[in-house]
Amino acid sequence: PRACRSGSLPWRLVRQRPTPCGPRGPRASRAAVAHRLGAMARFRAVRALLAAALLARGAALAAPEPLHPLSWSEAYARADATLAKMTETLLQVGGFCQRQEFVSGLLLQKRGLTAGGSPYYGAAGYFLYYDPHCDGKPSSRGRWVIHYRQPDLERATDLDGDGQCSRDIQYESEDKGQPPMGVHGWSMQCGHGADMERRSLTLHDVPQGEKLTLLKGVGWEHPLGGWFNLRKWWYVGNTAAIPRLGLPSLNMQDAAAGFRTNFEEVVGSVTVWPSLLAMGATWDPPLVKAFGEAMGREFASKGANGILGPSVNVHRVARNGRNFEYMSGEDPYLGSRLAPAYVEGVQSQGVFAVVKHWVFNQQETNRNSESSVVDDKTAWELYYPPFQAAVDAGVSAVMCSYNRVDGEYACSNKKQLSVLHDQMGFKGFVQSDWWATHEQSLAKGLDQEMPGNRINEDTGNFFEPGNLLKEDQDVIDSATRRVLAVMYKMHLDKTTKCAPPHCKEWFLKNVSTPEHVALARSAAARSVVLLKNEGRLLPLEAESVRRIAIIGAAADAPPFSTHGRGQGQGDWATGDYYSGGGSGHLEGEVVTPFHGLSRKAAQHGFEVTYSLSDDVREAVRVAKSADVAIVVAGTTSGESRDRKNLSLDGDADRLIDAVAKVRRTIVLAEAPGAVLMPWRSAVESILIMFLGGQETGNAWADVIFG
């Protein structure tokens, strides 16, 4: 009835009996129960929006209002003016060494003169300068030094102030006015604790170097053929700042559903939000926009100016290891409604969004080799709509994917990259997924290679300056313009807080707030899908149920920790029941289902018994002592590999079946996508949550108890 949606009736539906909407209690009609659940859901949505509004008001009082994005035409006008000034020749350092602090292929900008009158160069945390006496002693010879600390320009000798020469990458020379151009043997340590040895380095001038700086990432170093290694206090994606032109670094961070906790010190300082698939399950654009705004604030407060999301690929392969990251689920229309809300929310906070993964990236195990074959009609009807919607909302960048399309890698597929600009009207820049380039494809529509280094002879570092300079001038200028336009559209030249490696203080800031936690809880609750509710069992009420049993190892499962050791340490693709694995994994303090349910049960007057394992005999014993059994079961997945099957983990199916034979049973499933439920006819109620983040337990409690 219309009267049931007025005033504060959602509260009365919980607290009073009877109401105009029908009786409460065990004999309530299906319609009454459905209406009550709907009313509570509407109340939770309103509460989430109010929390977001209060948070926005508080943020407005505490910090300047984010600048409104420029129009694309205004942004490109500024980009053209800057492009005309990008005439400087930069100095490229080329070579190879295992030492973590050494960059191969970096473009160094001339910064000024040292106290001794020698030029010094720098970019992205590396500096080249002449030191007459690197240990401060007159007996040491002058040498050119590459160091990861800026020289003290007021010192005449020992410019790094460490009183020694042994740690420097160095070349002895009497010429303090000109670095040793060409190929020379430099002394360096190749590996921690290794002895100094001579390695060949090449220094040479690169015309238009400032333009090329924007087209290639920095911040990742490792030996050729080795594993991944992100430098400390760098973002997942970075470009070097160009101070001469007032251009900031691009500080881009994973993931699409929260600030990635890949450094141990960051754990606990950000909100572990529900996955994007969970956000998709809310079917709620205003809620997704509020989520985008809150997440954008967290990224901005961490010093990031770009977020590597949203992920919007429409599900095709049910076992896809990254389905939990994809907000569209199986529905292109859903994705096309939620993608704009996400983009607008994030970008309203001065953080640019990168929609991904373009295109047809539907599986993980063979993502680097498989070829997706999709006809144009199917592409436009099923797979393009969420991307088109993001473009229409003004998304700043697109990330191309690892897979091939019609036999060509997505990041060098001229047809698919031209669809973005020529048919969708995309105005921003296209960047590669990390190590997804296989050729120098600037002319085919790829504007920026990430992360900028090489992992083998066939992958990465194709945007090395020597390769880029072989392209036509118009191609180089077009790619540079697109990156510049995003910088100006989002006012990054005015709002960027730091440039790596000088971002530690921003990484360490605690950016989660009580309002964010409340929003995460509300979003997780709104994401729950009720699949079955026979016998009018839910929501649980003390009048009909006195004692509940909470059963299953998943009910109190700890979150998985990467311990901040980077992608190459341990099994980085492992997920948990709160956050999937890989680049999208977030770590923090979580409320487990057991703690959330037992706490709220006590508040509502229920007795609680439990068995927090998958031991079937113990579970049956505990279930028999209760009026209702709540079995929590889960599975998870991660990037780079698909799920082996669609079953719940462990012995969950046998556990559920055994418990259902002795007591009325509610199953709470936590999963990264589709799951098999062979016991579905044996239980009374089934609910599913698609990896709900840190507030998982509280969200379950809000739904189960009303």
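Residues numbered from 1 in each chain as written. Predicted model: local features only at pLDDT ≥ 70, side-chain atom pairs only at ≥ 80, totals over all residues. Heavy atoms only, no water.

Student: So what's going on with the overall build of the chain? Residues and values would help.
Tutor: Within the chain one finds 19 helices and 23 strands. Sorting the 706 residues of the chain into buried and exposed places 60% on the buried side. Sequence-distant contacts in the chain: of pairs separated by 6 or more residues, those separated by 24 or more amount to 72%. Looking at the chain as shown, the accessible area adds up to about 27000 Å², and 49% of this sits on carbon and sulfur atoms. (Helix = DSSP H or I, 4+ residues; strand = E, 2+ residues; numbered from the N terminus. Buried < 20%, exposed > 50% of the residue type's maximum accessible area, 1.4 Å probe, protein only. Contact = heavy atoms within 4.5 Å. Areas by Shrake-Rupley, 256 points an atom, 1.4 Å probe, with all protein chains shown as cover.)

Student: Explain the environment of Ser118 to me, and be specific about the residues and the numbers.
Tutor: By the element assignment, Ser118 lies in the loop between β2 (106-113) and β3 (119-123). For the pair Ser118 and Pro132, spaced 14 residues apart in sequence, the C-alpha separation works out to 9.8 Å. If near-sequence neighbours (up to four positions away) are discounted, Ser118 is found in contact with Gly112, Leu113, Tyr130 and Lys176. A distance of 2.8 Å separates a polar side-chain atom of Ser118 from the backbone oxygen of Lys176. (Polar contact = N/O pair within 3.5 Å; in protein donor to acceptor, adjacent residues only side chain to side chain.)

Student: Please set out the sheet that holds strand β15 (residues 404-405) residue by residue, giving values where relevant.
Tutor: Ordered by their spatial adjacency, 3 strands build an open sheet running β13-β15-β16, and the pairing between neighbours is mixed. On the outer flanks of this sheet lie β13 (371-372) and β16 (408-409), each paired with one strand and no other. Summarising the sheet, β13 and β15 pair through 2 bridges and their orientation is parallel. Residue pairing across strands places Ser372 opposite Val405, the latter belonging to β15. (Pairing = 2+ DSSP bridges.)

Student: Could you give an account of the environment of Leu492, with specific residues and numbers?
Tutor: With respect to the element layout, Leu492 can be found in helix α13 (residues 492-495). On the accessibility criterion, Leu492 (0% relative accessible area) is buried. Considered as a pair, Leu492 and Leu250 are 242 residues apart in the sequence and their alpha carbons are 8.4 Å apart. In contact with Leu492, not counting residues within four places along its chain, are Pro248, Leu250, Asn305, Gly350, Phe352, Val486 and Met487.

Student: Tell me about the pairing of strand β19 (residues 547-551), residues and numbers included.
Tutor: With respect to burial, β19 is a largely interior element, 4 of its 5 residues being buried. Pairing of β19 with strand β20 (residues 607-611), which is carried by 5 bridges, proceeds in the parallel orientation. Across the sheet, the residue bridging to Ala549 is Thr609, located in β20.

Student: How would you summarise helix α6 (residues 285-301) if you had to cite specific residues and measurements?
Tutor: A turn of α-helix holds 3.6 residues, and therefore any two residues three or four places apart point the same way. Taking 1.5 Å of rise per residue, 17 residues should cover 24 Å, and α6 covers 24 Å from first to last C-alpha, within 8% of that figure. In terms of burial, α6 is largely enclosed, as 13 of its 17 residues are buried. Looking at the residues trailing α6, positive phi occurs at Gly303, about 90°. (Expected span 1.5 Å × (residues − 1).)

Student: Outline the side chain of Ser336, supporting the account with residue identities and numerical values.
Tutor: Relative to the helices and strands, Ser336 resides in helix α7 (residues 332-347). Apart from residues no more than four positions distant in its own chain, Ser336 is found in contact with Pro385, Pro386 and Ala389.

Student: How would you summarise the state of the cysteines if you had to cite specific residues and measurements?
Tutor: Formally, a disulfide is one covalent bond, and it connects the sulfur atom of one cysteine to the sulfur atom of another. Scanning all chains against the criterion turns up 3 disulfides. A sulfur-sulfur distance of 1.7 Å marks the disulfide that ties Cys134 to Cys165. Handedness here is read from the sign of the S-S torsion; for Cys134 and Cys165, about 100°, the answer is right-handed. Here Cys165 lies in the loop between β5 (143-147) and β6 (169-172) and Cys134 lies in the loop between β4 (126-131) and β5, a separation of 31 residues in the sequence. Using a relative accessible area of 0% as the deciding quantity, one classes Cys134 as buried. Note on cysteine connectivity: Cys400 is disulfide-linked to Cys411, with sulfurs 2.0 Å apart. Every disulfide takes its handedness from the sign of the S-S torsion; for Cys400 and Cys411 that torsion is 110°, giving right-handed. You can see Cys400 sitting in strand β14 (residues 397-400) and its partner Cys411 sitting in the loop between β16 and α10 (414-423), a full 11 residues away along the chain. Judged by its relative accessible area of 0%, Cys400 falls in the buried class. Residue class for Cys411 comes out buried when judged on its relative accessible area of 2%. (Disulfide = S-S within 2.5 Å.)

Student: Describe the nonpolar core, with residues and values.
Tutor: Core analysis: the largest hydrophobic core is formed by 132 residues, its most contacted members being Trp186, Tyr342 and Trp358. Dropping the residues within four chain positions of it, Tyr342 is found in contact with Ala256, Leu276, Val288, Phe291, Gly292, Met295, Ile307, Gly309, Pro310 and Met327. (Core = buried A, V, L, I, M, F, W, Y, C linked by side-chain atoms within 4.5 Å.)

Student: Explain unusual backbone geometry to me, and be specific about the residues and the numbers.
Tutor: Negative phi characterises most residues that are not glycine, and trans characterises most peptide bonds. Across the junction of Lys356 and His357, the peptide omega takes the value 0°, indicating a cis bond. You can see His357 is positioned in strand β12 (residues 352-358). The omega angle of the peptide bond from Leu538 to Pro539 is -5°, so this bond is cis rather than trans. Secondary-structure assignment places Pro539 in the loop between β18 (529-533) and β19. Its identity as a non-glycine residue notwithstanding, Asp406 has a phi of 55°, on the positive side. Examined against the element boundaries, Asp406 turns out to sit in the loop between β15 and β16. We classify Asp406 as partly exposed; its relative accessible area is 40%.

Student: Describe the pairing of β14, with residues and values.
Tutor: Residues Ala397 and Met399 point to one face of β14 and Val398 and Cys400 to the other, with burial holding for every one of them. Bridging between β12 and β14 involves 4 bridges; their strand directions are parallel. Directly across from Trp358, in β14, lies its bridge partner Cys400.

Nothing here speaks to function; it is geometry throughout.
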